[in-house]
Amino acid sequence: MNDQDSTAPQGPIAPGAAPHLPGARGPGAAGIARFLARHRTAAWITAAAVAFALLGSGAVVAGASTRSSASAPAPLPVTESPSPTPTPTPTPTPTPVRPVPGTVVPASHLRTCSVAALSTDSRLGGFQSQVVNATTGEVLFDRGGGTPSRTASVLKVLTSAAALSVLGSDFQATTLVVKGSEPGSIVLVGGGDLTLSRLPSGTESTYTGAAHLDTLAAQAVAAWQADPATANTPITSLVLDSSRFGDPAWDPSWNRKELTDGYMPEITALQVDGDRDNPKQSTSPRSSDPIGRAGQAFADLLGGSVTVTRGTAPSGAAQLASVQSQPVSTLIKQALIVSDNTIAEMLARLVAIKSGSGNTFSALQKSTVAGLQTYGIDTTGILIADGSGLSDNNAVPPSYLTQLFIKINARQGNLGVIFDGLPVAGGKTGSLSYSDRFTGKNADADGSVFAKTGWIDTGYTLAGIIHAADGTPLTFAVYALGDVGDNAKQAIDTITAAFYRCGNNLSNT
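Small disclaimer: the values here were computed from a predicted structure and weren't measured. (Residues numbered from 1 in each chain as written. Predicted model: local features only at pLDDT ≥ 70, side-chain atom pairs only at ≥ 80, totals over all residues. Heavy atoms only, no water.)

Draft legend 1. Main features of the overall build of the protein. Secondary structure summary: the protein contains 13 helices and twelve strands in total. By residue count, 45% of the 509 residues in the protein fall in the buried class. Accessible area for the protein stands at about 25,100 Å²; split by element, carbon and sulfur atoms hold 57% of it. (Helix = DSSP H or I, 4+ residues; strand = E, 2+ residues; numbered from the N terminus. Buried < 20%, exposed > 50% of the residue type's maximum accessible area, 1.4 Å probe, protein only. Areas by Shrake-Rupley, 256 points an atom, 1.4 Å probe, with all protein chains shown as cover.)

Draft legend 2. Expanded view of the state of the cysteines. Enumeration according to the criterion identifies one disulfide in this entry. Here C113 is linked by a disulfide to C502, with a sulfur-sulfur distance of 1.9 Å. Because the sign of the S-S torsion sets the handedness, a value of about -60 degrees for the bond joining C113 and C502 places this disulfide among the left-handed ones. Here C502 lies in helix α13 (residues 488-502) and C113 lies in strand β1 (residues 113-114), a separation of 389 residues in the sequence. Among the residues examined, C502 registers a relative accessible area of 6% and is labelled buried. (Disulfide = S-S within 2.5 Å.)

Draft legend 3. Highlighting the packing of aromatic side chains. Enumeration according to the criterion identifies seven aromatic pairs in this entry. For the pair W254 and F361, a centre-to-centre distance of 5.2 Å together with 85 degrees between the ring planes defines the contact as edge-to-face. Of this pair, W254 sits in the loop between β6 (237-241) and α6 (257-261) while F361 is found in the loop between α9 (341-355) and α10 (364-372), placing the two residues 107 residues apart along the sequence. Each member of the pair, W254 together with F361, is buried. Relative to F450, the ring of F419 has its centre 5.2 Å away and its plane inclined at 35 degrees; by these criteria the two rings are tilted. Here the residue F419 occupies a position in helix α12 (residues 416-421), and F450 occupies one in strand β9 (residues 449-456), the gap between them amounting to 31 residues. (Phe/Tyr/Trp six-rings, centres within 6.5 Å; stacked < 30°, edge-to-face > 60°.)

Draft legend 4. Representation of the sheet that holds strand β2 (residues 126-133) within the structure. Strand order in the open sheet formed by five strands is β3-β2-β11-β10-β9, and the pairing between neighbours is antiparallel. Two strands in the sheet have a free side with no partner beyond their single neighbour: β3 (139-143) and β9. Across the sheet, the mean angle from the axis of one strand to that of its neighbour is 5 degrees, orientation sign disregarded. Inspection of the sheet shows strand β10 (residues 459-467) paired to strand β11 (residues 473-481) by nine bridges, in the antiparallel sense. Its bridge partner lying in β11, T461 is registered against Y479. Together, β2, β3, β9, β10 and β11 form the strand contacts of α13, whose direction differs from that of β10 by roughly 20 degrees. (Pairing = 2+ DSSP bridges. Axes fitted to C-alpha atoms, helices over the stretch in contact; angles between N-to-C directions. Contact = heavy atoms within 4.5 Å.)

Draft legend 5. Expanded view of α10. Within the span of α10, buried status applies to L364, S367, T368, V369, G371 and L372. Where α10 is buried, its residues contact α4 (155-166), α9 and α11 (398-409).

Draft legend 6. Just α4, in detail. In this model α4 runs 17 Å from its N-terminal to its C-terminal C-alpha over twelve residues, within 8% of the 16 Å that 1.5 Å per residue would give. Among the residues of α4, L155, K156, V157, L158, T159, S160, A161, A162, A163 and L164 are the ones counted as buried. In this structure, the buried residues of α4 make contact with α8 (328-337), α9, α10, α11, α12 and β9. Residue G168 follows α4 closely and has a positive phi angle near 90 degrees. (Expected span 1.5 Å × (residues − 1).)

Draft legend 7. How the structure looks around the sheet that holds strand β5 (residues 185-189). Across the sheet, five strands lie side by side as β7-β6-β5-β4-β8; this open sheet has mixed pairing. Among the strands making up the open sheet, the edge pair consists of β7 (307-310) and β8 (319-324). Sheet twist, expressed as the average angle between the axes of neighbouring strands with direction ignored, equals 20 degrees. Inspection of the sheet shows strand β4 (residues 174-179) paired to β8 by five bridges, in the antiparallel sense. Considered in β8, the bridge of L176 is made with S322. In the packing of helix α7 (residues 290-302) onto the sheet, contacts are made with β4, β5, β6 and β7, and the angle to β6 comes to roughly 150 degrees.

Draft legend 8. Looking closely at the environment of I235. Within the secondary structure, I235 sits in the loop between α5 (213-226) and β6. The class for I235 is buried, based on a relative accessible area of 14%. C-alpha separation for the pair I235 and A299, spaced 64 residues apart in sequence, amounts to 9.8 Å.

Draft legend 9. Spotlight on the pairing of β3. With four bridges connecting them, β2 and β3 associate as antiparallel partners. Each residue of the ladder has a partner; that of V132, found in β3, is V139. Hairpin connection of β2 to β3: five residues between the antiparallel strands, including G137 at a positive phi of 80 degrees.

Draft legend 10. View of the nonpolar core. One finds L158, L401, I408 and I418 to be the most contacted residues of the largest nonpolar core, which totals 61 residues. Among residues more than four places away in sequence, those in contact with I418 are V157, S160, A161, L164, I332, L336 and I408. Counting 31 residues, the second-largest nonpolar core is a separate cluster that includes V115, L124, A425 and I466. (Core = buried A, V, L, I, M, F, W, Y, C linked by side-chain atoms within 4.5 Å.)

Draft legend 11. Structural view of the side chain of K489. Position of K489 among the secondary structure elements: in helix α13. The exposure class assigned to K489 is buried, which follows from its relative accessible area of 15%. A distance of 3.1 Å separates a polar atom in the side chain of K489 from a polar atom in the side chain of D486. If sequence neighbours within four positions are ignored, K489 has contacts with D436, R437 and Y460. (Polar contact = N/O pair within 3.5 Å; in protein donor to acceptor, adjacent residues only side chain to side chain.)

Draft legend 12. Structural detail: the packing of α4 against α11. Look at α4 against α11: their axes get within 11 Å of each other, and the N-to-C directions meet at 50 degrees. As the angle between them shows, α4 and α11 are arranged oblique. In this structure, α4 crosses over α11, and the sense of that crossing is left-handed. Across from V157, L158 and A161 in α4, the residues of α11 making contact are Y400, L401, L404, F405 and I408. Each residue belonging to the contact of α4 with α11 can be placed in one class, and the counts come to eight nonpolar, no polar and no charged. (Parallel < 35°, antiparallel > 145°, perpendicular 65-115°, else oblique. Left-handed = near helix turned anticlockwise from the far one by under 90°. Nonpolar A, V, L, I, M, F, W, Y, C, P; charged D, E, K, R; others polar.)

What follows is the structure in structure tokens.
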């Protein structure tokens, strides 16, 4: 079965008959057929025209198609138009920044105040010096400031700074009396207090406020009598224990005349009044046996017949009495103002013991430098042979002192203790109050120079702080070394007074 309409006529159309139009029904279709029959020729012409037109248009299309495939590029495929891509906004080109140095160097101050002529004064010998603006840290003047050299008593400033760092400002040295190992025996144990006085309580030695031996003896006797085990037994034996400090008691680099001239005792943990012949005088000859002098003075206070020997206290011995030195803060002031060697050596040795470095002179290099390192200043080149500065073997660059005095001037930590102990030019007391210091034209610096003096056979020194005439705080150090005479002090004062006048206008040329 096919899809033909069952109503369509079967067979060919007869000539002259009207074609049957599918779907034609009724008289309308018959009318059209009769019209075509009457006008057969016109119909065929019309049909031919239509056919020609259709064939022509097809040829045109075919020709176009032929030309397209032969000579024109293939048409682009028709696709869905994509969304237009937005034109990006141009990024503005930044204006080039003019390069600048990483560190802006401030303009240098043109300084015109010269001390060049004064620095060549022959009285200064081997001259070294440095001056620094304590506010800005700028070096204003320098002659060999980085070279380590002997400092004389200026070294006491370093000893004091180490003591404040290691011991603390409140530390006190303690002298003890304990029971001995034999019946009737007691032991006097030196704790390193070289200021302990044999003068009666109420009488001041050269060390104001020092502990007194008679106080210690009274305590010991009272405790001995209060103990039922010893109350009825007299004290018949005294043992002297000075083992806290090791030997030697005298540094080999020291001139022995310092002992007889009255500037230095042998350094023992047990002694009285710095072993002076005259406890009330700062400069007084010392003995060759400070331990024996202290022991005999104590035995005399006990009364009766007491034998005196040397030894050490029994381990764990019962304590009978104790007295303490002044605190470190007071001891430093007493050492600096008159340049007391005894206290300086006492502090240096106690620093070595507290730091665990040892108890002899050989321990001081390690212990003192370690104590100074807490202040954050480079200690390279520093050599420490003693605590007082008496040895020629000490070496400190002037530049270290100017840096340390910046911190002292600022009273950093507890370093204000050192500032308060410094001699003052033209002051009422201390080593800068003497009649040969800052006199004449140099007196204009009186009250404005706070400094530690130094003197040994091979040089004179001065270092500290200047409140300059223009208001600038300066730190300075001056060394006059070699074969120099006592008049080196006046040459040092002269150039120091010039530093005072120049202030921040001090020139290095």
